[in-house]
Amino acid sequence: MTTRYDEPNRAARIANAAIRWLAEMGISIAGTRALRVRGRTTGKERSVVINLLTVDGVDYLVSPRGNTQWARNVRAAGVVDIGSRWRRRRATVTEVDDAAKAELLQRYLDRWYWQVKDYVGGLTPDSRDDQLRAGAATIPVFRLAAAG
């Protein structure tokens with residue numbers, strides 16, 4: 001895993017806050033969901049908005065901006081809450097190996113490229129498999145499973 005992190009600018013942070021608020025109220029825009037995770041240093045609950053990718057009935061979190069704060073928190077916590085304030089579900093997370101990310105990234109780009117095109121490490125929906133495999137090391141992907 002490389003340490004690429006495309007930090008959002010002020011306008012993106014404001015837009016993300018508004019979309020996160022809607023997601024927490026249960027209003028999804030193009031597949032957005034609220035994600036809550038414990039901070040790795042403070043222990044405080046942190047909330048972000050994510051695009052939840054579902055492939056063959058399995059949910060995945062993709063961090064197109066790279067090794068973001070939320071991705072580092074998810075990696076450290078191993079468990080997250082997904083959904084609105086009233087319909088949260090707890091899930092355990094497992095990081096997907098770089099070799100298995102190409103197909104997941106392709107599906108993610110097919111669906112949300114219009115939204116993430118400026119910060120997805122130069123990948124596009126038309127990227128070849130070798131390009132997706134090369135970019136996989138810079139994009140954390142986590143598999144979700146129901147917490148027991």
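Here the structure is shown first, and the text comes after it.
Residues numbered from 1 in each chain as written. Predicted model: local features only at pLDDT ≥ 70, side-chain atom pairs only at ≥ 80, totals over all residues. Heavy atoms only, no water.

Summed over the entire model, instances satisfying the criterion amount to seven salt bridges. One salt bridge in this structure joins Asp98 and Lys101, with 2.8 Å as the shortest N-O distance. Put simply, Glu103 and Arg107 hold a salt bridge, and the shortest N to O gap is 3.1 Å. On the criterion of helical spacing, the pair formed by Glu103 and Arg107 is a turn pair, its members being four residues apart in helix α3 (residues 101–116). For Arg107, a relative accessible area of 35% translates into the label partly exposed. (Salt bridge = Lys/Arg side-chain N within 4 Å of Asp/Glu carboxyl O. Helix = DSSP H or I, 4+ residues; strand = E, 2+ residues; numbered from the N terminus. Buried < 20%, exposed > 50% of the residue type's maximum accessible area, 1.4 Å probe, protein only.)

Moving on to the nonpolar core. With 20 residues, the main nonpolar core has Leu53, Tyr60, Leu105 and Val141 as its most contacted residues. Of all the elements in the fold, those that place two or more residues in this core are β2 (45–55), β3 (58–62), α3 and α4 (129–136). Residue contributions to this core peak at seven residues, all from α3. Ignoring sequence-local partners within four residues, the contact set of Val141 consists of Tyr60, Leu61, Val62, Thr94, Glu95, Val96, Lys101, Leu104 and Leu105. Val37, Leu61, Val74 and Ile82 belong to the second largest nonpolar core, which has 14 residues in total. (Core = buried A, V, L, I, M, F, W, Y, C linked by side-chain atoms within 4.5 Å. Contact = heavy atoms within 4.5 Å.)

Our next topic: the sheet that holds strand β6 (residues 141–146). Sheet architecture is closed into a barrel: six strands sit in the order β1-β2-β3-β6-β5-β4, paired in antiparallel fashion. Averaged over all adjacent pairs, the angle separating strand axes in this sheet is 45°, with direction ignored. Bridge count between strand β1 (residues 32–38) and strand β4 (residues 79–82): two bridges; the pairing is antiparallel. In the sheet register, Arg36 faces β4, and the bridge partner there is Asp81. The sheet contacts of helix α1 (residues 10–24) involve β1 and β2, and relative to β2 the element is tilted by about 75°. (Pairing = 2+ DSSP bridges. Axes fitted to C-alpha atoms, helices over the stretch in contact; angles between N-to-C directions.)

In this section: the packing of α3 against α4. Relative orientation of the contacting elements α3 and α4 amounts to 100°, with a least axis distance of 9 Å. One element, α3, and the other, α4, form an angle in the roughly perpendicular class. Across the interface between the two elements, Lys101, Ala102, Leu105, Gln106 and Leu109 of α3 pack against Leu132, Arg133 and Ala136 of α4. Residue composition of the contact of α3 with α4, by class: five nonpolar, one polar and two charged. (Parallel < 35°, antiparallel > 145°, perpendicular 65-115°, else oblique. Nonpolar A, V, L, I, M, F, W, Y, C, P; charged D, E, K, R; others polar.)

This part takes up the side chain of Asn73. As for its position among the elements, Asn73 is in helix α2 (residues 69–77). The residues contacting Asn73, other than those within four sequence positions of it, are Val37, Arg38, Gly39, Arg40 and Arg46.

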